[in-house]
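A structural walkthrough
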Amino acid sequence: MNNRKDRTIFDRIKLTGDLAKFVLQQEGLTCMDDWGGIETVREILPENLQTNFDGVQPALIDTILKEKNKKVAGALLDCFVNFVDFCNEGLDAGKQVVYHYFPISIEIFLAMDLIPICYEISAGLLAPLYKDGVEPGIDRLEAEGYPDHLCSAQKGTAGFLLMGQIPKPDVIVKSATPCDTSNKLYEWTAHKFDAPLVTIETPYYRNDRGVKFIVGEVKRLVERLEKLTGKTLDEDKLRHYCKIANEAIDYILKTQELKKLVPCPDTGWHRPAETIFLTQLGTPMGLNYFRTLYEDVKARADRGEGVIPKGKKEKRFAWGYTWEAYDLTFFEWLEQEHGATYTVDTLTYMHPEVGFVDTTSTESMIEGLAWRILQMPMGRQSMGFSDVWVDDFVRIVKEFSADALIIGGHMACKHFWALNKLLSDKVKEETGVPTLRFEMDMLDKRFTPSGELKRVMEEFLTTL
Amino acid sequence: MSALDQLLALPDRRENPHIRDWKGAGGRVVGYACRYVPEEIIHAAGIFPYRVEARGTAETDLADIYLHRFNCTFSRCVLQAGLSGEYGFLDGFCLLNGCEQIRRLYEIWEKYGNTEHMYMVAVPHSVYDAGFEWYKEEISNFTEKLSKDFGVKVSDKDLEKSIRIYNESRRLIEQLYELRKADAVPITGADAMRTLLSGCIMPRERYNGLLASALDEIRKKKGTTDYKARLMVGGSALDDPQLLEVIEGLGGVVVTDSLCFGSRHFLDLVEENGAPLDAIAKRYYYGNPCPRMMNEFRNRLKATEDLAKGANVDGIILQKIVFCDNHAVESPMLADELEAKGIPVLVLEREYMLSDIGRLKTRVEAFMERIARR
């Protein structure tokens, strides 16, 4: 039975949202030094926000206070807070919690009146926001005898579950792609917390047979969930959430097109949030975020503006795998110090063939959602043979006019590391663009600390 | 040389006389990487199914150009062997999505290896009806492609014959496992493993003949009770008896296993009635599941417990290769449950190449102190 009082992390994020709102509302505040520094800011804060403030990464606060980042920062934090409110309301109302994998979109869960919580979201939110980040969760799981080479996105959440800081799942839903580490840790979670695990197999081949198969898998998902939860899929509700998601995807695709412009009109610091909010497709808060982002990027594009200081020569990066989320100011640093802009990455790139879900009937919506699973960032690239990932990035480098392919390889991703050279070689062969490959953990700052990230990047930048 | 000695010889792939003779007679060889690839299909096509292994590989300099230190040393050693030309005798190679690292060998081997025909069998990650239908279609497609590439026809009769041959092996191997249950253990775990591994690298008909004779030899042995502890070994891919020699050199005797080069590969029969492809698919898909199969932990736990109790083991060693994700999670999960049931477990992390034997010995010695009978 779900312990509905496990809300420590939710409470913390909510307070951070309140903190961010307070700070962003202050007139003329462009960095904490405007008020005399961190200590002075702390004194000015309402008392109930001070402890939360102590835990937040200070450089992140300065980043969101920059004029060019404020609008998106506000939408981002609103989305976080609204997500927490949504979860809390559902928990208070006794709704069942479904933990799901991030490349599965959630309209079906919403239409069945369940609370969808992306398994990886705790880790994904804590890493960028807080000094202690996701590390306490990781360490807690590793203390149980699980090794460091498993993925921090799952380890963190698994640890927080053990620590009783997030609600326990009533049901768990996992797509089989992309990796063993996530599959196994979901299985561990199901076993440890006695929650049923529903799997969606993802086809290895992108052909008619594969598509037919995954449609069957989504139908099976619905049947299993109905049996396990006692809830029924409501067609009208499904339509409602699919329409919201369609609108969000429209904004995502439009924003993506704008990033092809030179200079790139979008900043890089918020990219991890985009992956996180892809797990909110179908929700009003997710839609609000992607709409706000689009408006922000469009306004800059209409003015012909970029995001790097005037006078700097733009160096356009395509990120061939993942961002890091433990130091979002790193991307700000790349822009300000080096004129290096962030176009797209594997975890946020939405291939245009994703299309929109046909909301005519339950059948058409299930088909559309199944098709979407095949296209979701990360799922698409890793589901089968490596040519999908490689060919996507050859095209991305060309279409986004990238000067370099940056591949920060997440240390836990064995399937990625097994194709890293294939990717790098093909991109170089087809586009002439150089690649930087380096090791990091996308969430755990201890593996490749920020200082080391900068050193690696600076060395590479001298070669461009 | 006795039959048992011939099985224990376990020739190196670089100078395997069975392969030499087979190829010399115009035979073709298709390698396969995992126990979910049905050997019977390859055999029924008149082709020698060779389970790809990496025994004796000490360096991974070529493999490391394409793979990375975060990829397990087993996958890197297999690739190294391929890139070094040691698998030049393969006419085909069937890979599958057994794990993230093995599956990616397909693209690298296809591009940089020199094997003419490459195959992929995609196995679902859980056990259910629609997954079975997918898997059956996969192996049907594999059969078709194999037939086309090698210009052969694989009939139901061919499959039925191959099933009988491979089932014969399974029955004989089951007898071997039964013999190892005796208090006076007639064969070491290392030698038992050699006996099993030989089946993967010589024509199966020949293997069956040798194994039947070898079992007679083993039955005649007095066996030994001079051991500190009876052990079961499980965990990551283990295709080299050397680790078992290290364990048994410290006074233990390995009497059973849950390895994919051991019991999980060889036990469980294919039904000999009914449609043969269907029967093959059922045995391979529904058999004792690999840790890659989600939602099967309780089945694996039960299977492990049954094997351990059946062989009257004193403890279980779960060895996991560094960066093997499946066993990295499975082993501690099993250990927790088994310890709670009173079965001692040692979870032992290692590299594929046994370069840190000193450390391993210390861990095993300490475990044996804990569980020793004498």
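Everything quoted here is computed from the prediction, not taken from an experiment. (Residues numbered from 1 in each chain as written. Chains lettered and ligands numbered in written order. Predicted model: local features only at pLDDT ≥ 70, side-chain atom pairs only at ≥ 80, totals over all residues. Heavy atoms only, no water.)

**A look at the pairing of strand E7 (residues 404–410) of chain A**
All names here are of chain A. The element E7 is largely enclosed, with a buried count of seven among its seven residues. Pairing between strand E5 (residues 315–319) and E7: three bridges, direction parallel. Across the sheet, residue alanine 318 finds its bridge partner in E7, namely leucine 405. Pairing analysis gives six bridges linking E7 to strand E8 (residues 435–440), with the strands arranged parallel. The residue of E8 that forms the bridge with isoleucine 406 is leucine 436. (Buried < 20%, exposed > 50% of the residue type's maximum accessible area, 1.4 Å probe, protein only. Helix = DSSP H or I, 4+ residues; strand = E, 2+ residues; numbered from the N terminus. Pairing = 2+ DSSP bridges.)

**Considering helix H10 (residues 204–220) of chain B**
Quick reminder: α-helices carry 3.6 residues per turn. Residues three or four places apart thus point the same way. All names here are of chain B. With 17 residues, H10 extends 24 Å from end C-alpha to end C-alpha; this agrees with the ideal 24 Å at 1.5 Å per step. Among the residues of H10, those classed as buried are Arg204, Tyr207, Asn208, Leu210, Leu211, Ala214, Leu215 and Ile218. Tucked inside the fold, the buried residues of H10 contact helix H1 (3–9), helix H3 (39–44), helix H8 (156–179), helix H9 (189–198) and helix H12 (263–266). (Expected span 1.5 Å × (residues − 1). Contact = heavy atoms within 4.5 Å.)

**Points about the packing of aromatic side chains**
Residues and elements named next belong to chain A. Under the criterion given, the structure shown has 43 aromatic pairs over all chains. Considering the side-chain rings of tyrosine 119 and tyrosine 186, the 4.4 Å spacing of their centres and the 25° angle between planes classify their relative orientation as stacked. One end of the pair, tyrosine 119, is in the loop between strand E2 (115–118) and helix H7 (121–129); the other, tyrosine 186, is in helix H10 (residues 180–192), with 67 residues separating them in the sequence. Judged by relative accessible area, which is 0%, tyrosine 119 ranks as buried. (Phe/Tyr/Trp six-rings, centres within 6.5 Å; stacked < 30°, edge-to-face > 60°.)

**Focus: the sheet that holds E2(A)**
Residue and element names in this part refer to chain A. Strand order in the open sheet formed by four strands is E2-E1-E3-E4, with parallel pairing between adjacent strands. In this open sheet, the two edge strands, each paired with only one partner strand, are E2 and strand E4 (197–200). Between one strand axis and the next, the sheet turns by 25° as a mean value, whatever way the strands run. Sheet analysis places strand E3 (residues 171–175) next to E4, joined by four bridges and oriented parallel. Counterpart to isoleucine 172 in the pairing with E4 is leucine 197. Set on the sheet, H10 makes contact with strand E1 (97–100), E3 and E4; between it and E3 the angle comes to about 165°. (Axes fitted to C-alpha atoms, helices over the stretch in contact; angles between N-to-C directions.)

**Some thoughts on the interface of chain B and chain A**
With 53 residues of chain B at the contact, the number on the chain A side is 47 residues. Here chain B meets chain A over a buried area of about 4,300 Å², counting both sides, of which 57% is carbon and sulfur. Scanning the region where chain B abuts chain A turns up six salt bridges. Viewed at the interface, chain A and chain B are joined by 27 residue pairs in polar contact (both at pLDDT 80 or more). Elements supplying a minimum of two residues to the side of chain B that touches chain A: helix H4 (63–66), helix H6 (100–112), strand E4 (117–121), helix H7 (129–150), helix H14 (297–310) and helix H15 (325–340) of chain B. By residue class, the composition of the side of chain B that touches chain A is 27 nonpolar, nine polar and 17 charged. (Buried area = accessible area lost by both parts, 1.4 Å probe. Salt bridge = Lys/Arg side-chain N within 4 Å of Asp/Glu carboxyl O. Polar contact = N/O pair within 3.5 Å; in protein donor to acceptor, adjacent residues only side chain to side chain. Nonpolar A, V, L, I, M, F, W, Y, C, P; charged D, E, K, R; others polar.)

**Notes on the sheet that holds strand E5 (residues 229–235) of chain B**
Residues and elements named next belong to chain B. Judged by pairing direction, the sheet is parallel, and its four strands sit side by side in the order E6-E5-E7-E8 without closing on themselves. Each having just a single partner strand, strand E6 (252–257) and strand E8 (345–350) make up the two edges of the open sheet. In this sheet, adjacent strand axes meet at a mean angle of 35° when their direction is disregarded. Bridge analysis of E5 against strand E7 (residues 315–321) gives five bridges, and the strand direction is parallel. Of the residues in E7, the one forming a bridge with glycine 234 is leucine 318. Here H15 sits on the sheet in contact with E5, E7 and E8, set at roughly 165° to E7.

**What to know about helix H16 (residues 362–375) of chain A**
Residue and element names in this part refer to chain A. Counted at 1.5 Å a residue, the expected span for H16 with its 14 residues is 20 Å, and the 20 Å between its end C-alpha atoms agrees. Summarising burial for H16: 10 of the 14 residues are buried, a large majority. Lining the buried residues of H16 we find helix H6 (107–111), E4, helix H11 (208–229), helix H12 (235–258) and helix H17 (379–382).

**Some remarks on the pairing of E4(B)**
Residue and element names in this part refer to chain B. Counting buried residues in E4 gives five out of five residues, a clear majority hidden from the surface. Neither face of E4 is open: one carries His117, Tyr119 and Val121, the other Met118 and Met120, and all of them are buried. The pairing of strand E3 (residues 92–96) with E4 spans five bridges and is classified as parallel. If you follow cysteine 94 over to E4, its bridge partner there is tyrosine 119. Crossover E3 to E4 through H6 is right-handed. (Right-handed = clockwise from strand over helix to strand, strands pointing away.)

**Observations regarding the pattern of salt bridges**
All names here are of chain B. Across all of its chains, the model carries 79 salt bridges over all chains by this definition. Among the ionic pairs, lysine 181 bridges to glutamate 178, the shortest N-O distance being 2.8 Å. A residue is classified by how much of its surface remains accessible, and glutamate 178, at 45% relative accessible area, is partly exposed.

**A short note on the side chain of A:Ser182**
All names here are of chain A. Assignment of secondary structure puts serine 182 in helix H10. Of the residues examined, serine 182 reaches a relative accessible area of 0% and is grouped as buried. A distance of 2.9 Å separates polar atoms of two side chains, one belonging to serine 182 and the other to lysine 174. When neighbours within four sequence positions are excluded, serine 182 is seen to be in contact with Tyr101, Gln154 and Lys174.

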